[in-house]
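As a plain string of letters, each chain reads:
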Amino acid sequence: MMGHDRYAGGRHLRDSEQVEAPSVGLAKTLERFNFPLGRLKTGTPARVDGKTIDWDVLTIQPSEVPAQPFSHIRQFNEEQPPNVEAGKLINCYQTATNEATHKLVMEYEHTLPIYDGMDGKGNGPRYCPSIYKKVLRFPERQGHNCFLEPEGLNTDLVYPNGMSGPYPPEVQEKILRSMKGMGAVEIVRPGYDVEYDFVNPQALTHTLETKEIGGLYLAGQICGTTGYEEAGAQGIIAGANAGRAGAAQARGETPPLPLVLGRDEAYIGVLIDDLVTRGTQEPYRMFTSRAEYRITLRADNADLRLTRKAMEYGLVTDVERISALDAREFLIDDRVERLRNFELLVTEWAARGRVDTMGGEKMSKKAGQKKTAEQILHMPHVTLQEVEDILVQVNKEKRDEAAGNGEDVAGFDLSSTPQSVFDTVEASIKYSSYVRRQHKDMESWRKAQGLRIPPDVVYTHEFLPTLSSEELEKLSTNRPATFAEASQISGLTP
């Protein structure tokens, strides 16, 4: 949809003028099989010609160098992604809306589409709002950031992130040209909105197989989610289960053990459990705040949490990946054990380290006591780098003394923790006490689920300042009677 014009041709394919036809037949088939369907919407901004942007007046957003690879194999081998190695990085730039932009956004409000969902307003993503929604919700703001993101190495197309809004093309041009550096910008392809059918994900099991039709698996926007990562995460689980079940059937074998990830194992587990147990009334987005066990669900330990399970289900067979996992596990255990076994008098820790972080003068009251490097690292502002610097310094002094006495110096470890495991070693020690507390809190939460909520409670920031606006809105709308009922509301954090 653009303006009041509604097109049945579907959406543009990425980096193409071609249009993807809508799957009307699929929607009608799902409806015929009594799947519970709803309507959601999403939008995309215009694509603009980078040659018509005045880059010199904009704020540069440089790429990260060195980059942090997603691949733990690259991290372990201390390799950079190919484009970083080759120096083929593109910078993004930042501009922003202003009062003139906001005036145009509201002046042409009447040209926006009328949707099927939510009384014509359309049920779109709460956390990726259109520029119209941002101006409407935050009238006090004088500007909203817009990040100009080149779409690739070999194209002049630029994606103005944060500027979605399906105004008529000529209005989109006026809005974009009101922003700094965009005074002469040309639109290559106007932005538009798409309204689409989705299946209530409560009709699925945790394998993403439909309850109504065995062997049919759903993943992505059809399940009510928004975002590439959310779709990819579901695709892994649905694809793995569909492939394993289909292969077993073709071989005449009994159905295999389904692949299901728990809420304590992965954000994928949180995502799918939220969807199939709570459903969703708006495009679902994954946030760390949705997870009870977010302290242990970290990017640095993703391979440690999931690779062995992937091996068990036949999804990972690559020898290099398995070897990298074995080596990382060994290194992490080795470095943690090293910190656990190294100790100094607390006064020496304070004397060698930063006085303000390692206890300082307070340590003098504990003269004669010792603490391990692991215990020192538990202190709030102490870093692994600081602890290891002291450890290496002490070992070097002892080695030099032993060498002067003609003794064997082979046992003095002067190495530092490799970068490939550095964050994991530091986090596993730093967060260990919080992880224990987290598990205790979750146990208390489970025991408290039967507690009743007063029916006259007022859900406002004044009385409940720690809750988000989304949580207050949903609690006020649903009015749960117990904590158990509250925990089943989609979007309510644990």
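If you're wondering where the values come from, they're calculated on a predicted model, not measured in any experiment. (Residues numbered from 1 in each chain as written. Predicted model: local features only at pLDDT ≥ 70, side-chain atom pairs only at ≥ 80, totals over all residues. Heavy atoms only, no water.)

Undergrad: When you look at the overall build of the protein chain in this model, what are you seeing that I'm missing?
TA: From N to C terminus, the protein chain includes 17 helices and twelve strands. In terms of principal-axis extent, the alpha carbons of the protein chain reach across some 90 × 60 × 60 Å. Looking at the protein chain as a whole, 42% of its 494 residues are labelled buried. Put simply, 70% of the contacts in the protein chain that link residues at least 6 apart link residues at least 24 apart. Within the structure as shown, the protein chain displays about 26900 Å² of accessible surface, and the carbon and sulfur contribution to it stands at 53%. One way to put it: in the protein chain the 58 positive side-chain charges average out to a point 4 Å from where the 72 negative ones average out. (Helix = DSSP H or I, 4+ residues; strand = E, 2+ residues; numbered from the N terminus. Buried < 20%, exposed > 50% of the residue type's maximum accessible area, 1.4 Å probe, protein only. Contact = heavy atoms within 4.5 Å. Areas by Shrake-Rupley, 256 points an atom, 1.4 Å probe, with all protein chains shown as cover. Lys, Arg positive; Asp, Glu negative; His and termini not counted. Charge placed at Lys NZ, Arg CZ, Asp CG, Glu CD.)

Undergrad: I would appreciate a short explanation of the nonpolar core in the present structure.
TA: Side chains that are nonpolar tend, in soluble globular proteins, to be buried together. Grouped together as the largest cluster of nonpolar side chains are 28 residues, with contacts concentrated most on Val-199, Leu-208, Ile-237 and Ile-268. If we skip the residues at most four places from it in the chain, Val-199 touches Leu-30, Phe-35, Pro-36, Leu-37, Leu-218, Ile-222 and Cys-223. In this structure, Tyr-93, Leu-148, Val-158 and Val-171 belong to the second largest nonpolar core, which totals 23 residues. (Core = buried A, V, L, I, M, F, W, Y, C linked by side-chain atoms within 4.5 Å.)

Undergrad: Help me understand the packing of aromatic side chains, please; the structure alone is not making it clear to me.
TA: When we look at a pair of aromatic rings, we describe it by the centre distance and by the angle of the planes. Under the definition given, this model contains two aromatic pairs. For the pair Trp-55 and Tyr-93, a centre-to-centre distance of 5.0 Å together with 55° between the ring planes defines the contact as tilted. On the criterion of sequence distance, the pair formed by Trp-55 in the loop between strand E4 (47-49) and strand E5 (59-61) and Tyr-93 in strand E6 (residues 92-96) is long-range, its members being 38 residues apart. For Trp-55, a relative accessible area of 22% gives the class partly exposed. Residue Tyr-93 is classed as buried on the basis of its relative accessible area of 18%. (Phe/Tyr/Trp six-rings, centres within 6.5 Å; stacked < 30°, edge-to-face > 60°.)

Undergrad: For this particular structure, what's the right way to read unusual backbone geometry?
TA: In the segment running from Val-65 into Pro-66, the intervening peptide bond is cis, with an omega of -5°. Its identity as a non-glycine residue notwithstanding, Asn-34 has a phi of 65°, on the positive side. When its relative accessible area of 64% is taken as the criterion, Asn-34 is described as exposed.

Undergrad: Mind showing me how you'd approach the sheet that holds strand E7 (residues 145-150) here?
TA: The pairing of strands in a sheet happens through backbone hydrogen bonds and is either parallel or antiparallel. The strand order across the open sheet formed by six strands is E5-E6-E7-E8-E4-E9, and the pairing between neighbours is antiparallel. Looking at strand neighbours, the two that pair on one side only are E5 and strand E9 (187-189), the edges of this open sheet. Strand-to-strand twist across the sheet, computed as the mean angle between neighbouring axes with direction ignored, equals 40°. (Pairing = 2+ DSSP bridges. Axes fitted to C-alpha atoms, helices over the stretch in contact; angles between N-to-C directions.)

Undergrad: Sorry if this is basic, but what is going on with the environment of Phe-483 here?
TA: Tracing the backbone through its elements, the reader meets Phe-483 in helix H17 (residues 483-487). Looking at Phe-483, the relative accessible area reads 31%, which means it is partly exposed.

Undergrad: Could you clarify how one ought to interpret the state of the cysteines in this entry?
TA: Two cysteines form a disulfide when their sulfur atoms are joined by a covalent bond. Going through the model one piece at a time under the given rule, you end up with zero disulfides. Residue Cys-128 stays outside any disulfide, its sulfur separated by 14 Å from that of Cys-146, the closest cysteine. For Cys-128, a relative accessible area of 35% corresponds to the partly exposed category. For the unlinked cysteine Cys-146, the closest cysteine sulfur is that of Cys-92, found at 11 Å. The exposure class of Cys-146 is buried, given its relative accessible area of 0%. (Disulfide = S-S within 2.5 Å.)

Undergrad: How should I be thinking about the packing of helix H10 (residues 319-341) against helix H14 (residues 419-430) in this particular structure?
TA: In helix packing, the relevant descriptors are the interaxial angle and the interaxial distance, both defined with respect to the helix axes. Where H10 contacts H14, the axes come no closer than 10 Å and their chain directions differ by 50°. Between H10 and H14, the angle is such that the two are oblique. For the pair H10 and H14, the sense of crossing is right-handed. The residues of H14 that touch H10, namely those facing Arg-328, Leu-331, Ile-332, Arg-335, Val-336 and Leu-339, are Ser-420, Val-421, Thr-424, Val-425, Ser-428 and Ile-429. Of the residues assigned to the contact of H10 with H14, the class counts are seven nonpolar, three polar and two charged. (Parallel < 35°, antiparallel > 145°, perpendicular 65-115°, else oblique. Left-handed = near helix turned anticlockwise from the far one by under 90°. Nonpolar A, V, L, I, M, F, W, Y, C, P; charged D, E, K, R; others polar.)

Undergrad: Looking at this model, I keep getting lost on the packing of H10 against helix H13 (residues 384-404). Mind explaining?
TA: The geometry of H10 relative to H13 is characterised by a closest axis approach of 12 Å and an angle of 65° between their N-to-C directions. On the basis of their axis angle, the class for H10 and H13 is roughly perpendicular. Between H10 and H13 the crossing geometry is left-handed. Between H10 and H13, the residues in contact are Arg-335, Arg-338 and Leu-339 and Leu-384, Val-387, Glu-388, Leu-391 and Val-392, respectively. Class assignment of the residues belonging to the contact of H10 with H13 gives a composition of five nonpolar, no polar and three charged.

Undergrad: Quick question: what am I supposed to make of the environment of Ile-268 here?
TA: Following the sequence through the fold, Ile-268 ends up in helix H8 (residues 267-278). A residue is classified by how much of its surface remains accessible, and Ile-268, at 17% relative accessible area, is buried. Distance in space between the C-alpha atoms of Ile-268 and Ala-233 is 6.0 Å, their sequence separation being 35 residues. Among all residues touching Ile-268, those that are not within four sequence positions of it are Ala-233, Ile-237 and Leu-261.

Undergrad: In this structure, what is going on with H13? I would like to understand it.
TA: Taking 1.5 Å per residue as the helical rise, H13 with its 21 residues ought to reach 30 Å, and the 30 Å between its terminal C-alpha atoms agrees with that figure. All of the buried residues along H13 are Leu-384, Glu-386, Val-387, Glu-388, Ile-390, Leu-391, Val-392, Val-394, Asn-395 and Ala-402. Where the residues of H13 are buried, they touch H10, strand E11 (343-345), helix H11 (346-352), helix H12 (373-377) and H14. (Expected span 1.5 Å × (residues − 1).)

Undergrad: Any chance you could explain the side chain of Ser-130 here in plain terms?
TA: Secondary-structure assignment places Ser-130 in the loop between helix H4 (99-107) and helix H5 (131-137). The residues contacting Ser-130, other than those within four sequence positions of it, are Ser-164 and Gly-165.

Undergrad: Is there a simple way to think about the pattern of salt bridges in this case?
TA: Where charged atoms from two side chains of opposite charge come close, those side chains can pair. Inspection of every chain in the model, using the stated rule, returns 33 salt bridges. Linking Glu-397 and Arg-352 is a salt bridge whose minimum nitrogen-to-oxygen distance equals 2.7 Å. One end of the pair, Glu-397, is in helix H13; the other, Arg-352, is in helix H11, and 45 residues separate them in sequence. Of the residues examined, Arg-352 reaches a relative accessible area of 26% and is grouped as partly exposed. (Salt bridge = Lys/Arg side-chain N within 4 Å of Asp/Glu carboxyl O.)

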